[in-house]
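Single-letter residue listing:
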Amino acid sequence: MSTPLPRWLADVARTLPIRSQFVISGNIRDTFLADVRGQAALVPLQRALWETLRKAGYACMLVYDPADGIRAYPDEPEPRQLAERLFGLKLSGGGQMLSLESLTNLMRQLTAERQARCALVMDFASRLTRQPSQLSEAEHRFFVVAEKLSLQATPVVPLEGGGAPLFNPVVWLLNRAQDLPSWLTLDSERVASLVIPRPDYEMRMAAARQLGPLFAGFDQAEPSARERF
């Protein structure tokens, strides 16, 4: 029996040709079953997202958060050097802090990039502003640019690798979808809003099959005991 994968991951992979941005909220700090190089594994959201993008031909995933700035994911030489070359970043010493204006320019660069498939993840996006209903002038401009890019971006067939046209997406990770200005996602056919629920019974069973063998004696336990676990 195949291991079930989270629906939100399947939705991301399925809609990369038609969605330029994703707003992912809810149970985002959990671990998730993902296909990691042909094997089911429990991993954090960023790893699950990266493995899904990697399988679709993405060469680079940038992660930004207001505390640590911008960094390449995974933090390995090849994606880090690619990000530095494509976007003029300096990531060898860890995360690079960016102003809101620099982050705006990075969004523009990434969505228009044609050399390689890339994605930008805005982690802790609920903390980008103090109150989404009371934006400063700079914050308002930042989100207006994000909205405009969501509508004007075009799918990419990269020079490196080819393949089907897919967007270079911006992915917002939020505690609640309401933490972004409502007009950014309201009635937009280019922005996908995905709410991650608590895992259902099927997902818990699949996770238990991954976790169980880590405990001594699990393989010798009665089937009923494994079911209770």
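Read on for an overview of the structure.

Parameters at a glance
Residues numbered from 1 in each chain as written. Predicted model: local features only at pLDDT ≥ 70, side-chain atom pairs only at ≥ 80, totals over all residues. Heavy atoms only, no water. Helix = DSSP H or I, 4+ residues; strand = E, 2+ residues; numbered from the N terminus. Buried < 20%, exposed > 50% of the residue type's maximum accessible area, 1.4 Å probe, protein only. Polar contact = N/O pair within 3.5 Å; in protein donor to acceptor, adjacent residues only side chain to side chain. Phe/Tyr/Trp six-rings, centres within 6.5 Å; stacked < 30°, edge-to-face > 60°. Arc of directions from axis to C-beta. Contact = heavy atoms within 4.5 Å. Pairing = 2+ DSSP bridges. Axes fitted to C-alpha atoms, helices over the stretch in contact; angles between N-to-C directions. Salt bridge = Lys/Arg side-chain N within 4 Å of Asp/Glu carboxyl O.

The next subject is the environment of Arg80. Mapped onto the elements of the fold, Arg80 is located in helix H3 (residues 77-87). On the basis of relative accessibility, which here comes to 18%, the residue Arg80 falls in the buried class. At 2.5 Å, the side chain of Arg80 and the side chain of Asp75 are in polar contact.

Aromatic ring pairs are defined here through the distance separating the ring centres and the angle between the ring planes. Inspection of the entire model under this criterion finds four aromatic pairs. Ring centres of Phe142 and Phe143 lie 5.0 Å apart, and the angle between their planes is 70°; on these two criteria the pair is classed as edge-to-face. The exposure class assigned to Phe143 is buried, which follows from its relative accessible area of 1%. Seen in terms of ring centroids, Phe142 and Trp172 are 6.1 Å apart; in terms of plane orientation they differ by 75°. Their pairing is edge-to-face. Here the residue Phe142 occupies a position in helix H5 (residues 137-152), and Trp172 occupies one in strand S7 (residues 170-174), the gap between them amounting to 30 residues. The exposure classification of Phe142 matches that of Trp172, with both residues buried.

Owing to its 3.6 residues per turn, the α-helix brings residues three or four apart onto one side. By the burial criterion, the buried members of H3 are Pro79, Arg80, Leu82, Ala83, Leu86 and Phe87. In a view along the axis of H3, the buried residues occupy a sector of 160°, so they form one face of it. The exposed set on the far side of H3, more than 90 degrees from its buried face, consists of Glu78, Gln81 and Arg85. On its buried face, H3 sits against strand S4 (60-65), strand S5 (69-73), helix H4 (100-112) and strand S6 (118-122). Directly after H3, the chain includes Gly88, whose backbone phi takes a positive value near 65°.

So, about the pairing of strand S2 (residues 31-36). Alignment of S2 against strand S3 (residues 39-44), held across six bridges, turns out to be antiparallel. Within S3, the residue paired with Ala34 across the bridge is Ala41. Here S2 folds back onto S3 in antiparallel fashion, the turn holding two residues, of which Arg37 has a positive phi close to 50°.

This brings us to the sheet that holds S7. Here we have six strands laid out as an open sheet, ordered S5-S4-S6-S7-S1-S8, and mixed in their pairing. At either margin of the open sheet sits one strand with a lone partner, and together these are S5 and strand S8 (191-196). If you compare each strand with its neighbour and ignore which way they point, the axes differ by 20° on average. With five bridges joining them, strand S1 (residues 21-26) and S7 adopt parallel strand pairing. Paired with Ile24 across the two strands is Leu173, which belongs to S7. Running at roughly 80° to S4, H3 makes contact with S4, S5 and S6 of the sheet.

Here the structure, examined in full by the defined rule, presents eight salt bridges. Two residues, Arg176 and Asp179, come together in a salt bridge whose shortest N-O distance is 3.1 Å. One network of salt bridges, with partners in common, ties together Arg47, Glu51 and Arg54.

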